[in-house]
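# Fold and geometry: a report
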Amino acid sequence: MECRLRSRTIGLVCLIVLGSAQVHAQFQDAWGTGWNNPVSASIGSSIYWKTMTMPPKKGTSSSAQTPANSANAPAAQKARTVNFQPLKNSPTPRNIAATFKVDGVQRKELEQTFARFLEFFNTKVATGADRYNVASAAAFFMAGNYMVATGKEVPDARVEALRDALQANLLDHDKFQAMDARRRQELYETLVIYAMLSQAGFQEGEKKNDAKQMNNFRELARQNLNAVLGATPEQMVFTTTGLMFK
């Protein structure tokens, strides 16, 4: 889960993020939880994520997708999946960078670094069926922000259990299944960018022994979790079957 991204601009990006007046601005999504900016408000309003983390109901399938040509599937039934085929030239890094109150040069730095976050995740972190998998991105977001906020490690096996629970529940979630590839990609990429932003910022502060920066990114991680799950890190319990709440 740990992402040691080495970027020449990460230090500057941390300064931009911490200096932006919009970092702590709060918006309300459809579920009544706060989020950092209008673009990523869609993370909370699209799906009630807290219910998606629970162990799936007995009998629910946890397979990544149902083959479209399955002999047992009705001919007119669209295959259910949590993956997507990515579209080129995604606007997500640019859209998220545009939510920060910075000048044009700094905004470009943010956009380029957010694009590097995605490249790093898609080539070094997510492999095989986890690549372009919304459940994998959501599990990464939840576990990564939890570790930054608390300083506690989450075993890989429990991150995988959370991914499996998310995957099974999203396969049965009609609203998610109705999302097209563009919307799934936006959701996936926003989850990854905000997870990696808190991790990279915290790690940069740790490297410099900068307690203030570390605390600021811990707070960002806490905000991320509260926005999506409506819970504090202290309420989260990673189990062998998913994520539970105290």
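Up top is the structure these notes are about.
Residues numbered from 1 in each chain as written. Predicted model: local features only at pLDDT ≥ 70, side-chain atom pairs only at ≥ 80, totals over all residues. Heavy atoms only, no water.

### Observations concerning helix 7 (residues 156-171)
Its 16 residues place the ends of helix 7 22 Å apart at the C-alpha level, agreeing with the 22 Å of an ideal helix rising 1.5 Å per residue. Among the residues of helix 7, those classed as buried are Val159, Ala161, Leu162, Arg163, Ala165, Leu166, Gln167, Ala168, Asn169, Leu170 and Leu171. (Helix = DSSP H or I, 4+ residues; strand = E, 2+ residues; numbered from the N terminus. Expected span 1.5 Å × (residues − 1). Buried < 20%, exposed > 50% of the residue type's maximum accessible area, 1.4 Å probe, protein only.)

### Points about the packing of helix 6 (residues 134-150) against helix 10 (residues 211-229)
Direction vectors running N to C along helix 6 and helix 10 enclose 140°, while the axes themselves pass 8 Å from each other. One way to sum up the angle between helix 6 and helix 10 is to call them oblique. Here helix 6 and helix 10 pass one another in a crossing that is left-handed. The segment helix 6 lies against helix 10, with Phe141, Met142, Asn145, Tyr146, Val148 and Ala149 engaging Phe217, Arg218, Ala221, Arg222, Asn224, Leu225, Val228 and Leu229. Along the lines of polarity and charge, the residues of the contact of helix 6 with helix 10 split into 10 nonpolar, two polar and two charged. (Axes fitted to C-alpha atoms, helices over the stretch in contact; angles between N-to-C directions. Parallel < 35°, antiparallel > 145°, perpendicular 65-115°, else oblique. Left-handed = near helix turned anticlockwise from the far one by under 90°. Contact = heavy atoms within 4.5 Å. Nonpolar A, V, L, I, M, F, W, Y, C, P; charged D, E, K, R; others polar.)

### Notes on the nonpolar core
In this structure, Trp49, Phe114, Met142, Leu166, Leu170 and Leu229 are the most contacted members of the largest nonpolar core, which totals 60 residues. Among the elements that line this core, the one with the most residues is helix 6, at 13 residues. (Core = buried A, V, L, I, M, F, W, Y, C linked by side-chain atoms within 4.5 Å.)

### A look at the packing of aromatic side chains
If you walk through the whole model with that rule in mind, you get seven aromatic pairs. An angle of 65° between the planes, with centres 5.0 Å apart, marks the rings of Tyr146 and Phe238 as edge-to-face. Highlighted residues: Tyr146 in helix 6 and Phe238 in strand 3 (residues 236-238), separated in sequence by 92 residues. Considered together, Tyr146 and Phe238 belong to a single accessibility category, that of buried residues. Following the ring pairs from residue to residue traces out a cluster consisting of Phe84, Phe121, Tyr132, Phe140 and Tyr188. Across the ring face of Phe245, the terminal group of Lys50 is positioned such that the distance to the ring centre comes to 4.7 Å. (Phe/Tyr/Trp six-rings, centres within 6.5 Å; stacked < 30°, edge-to-face > 60°. Lys NZ or Arg CZ within 6 Å of the ring centre and 35° of its normal.)

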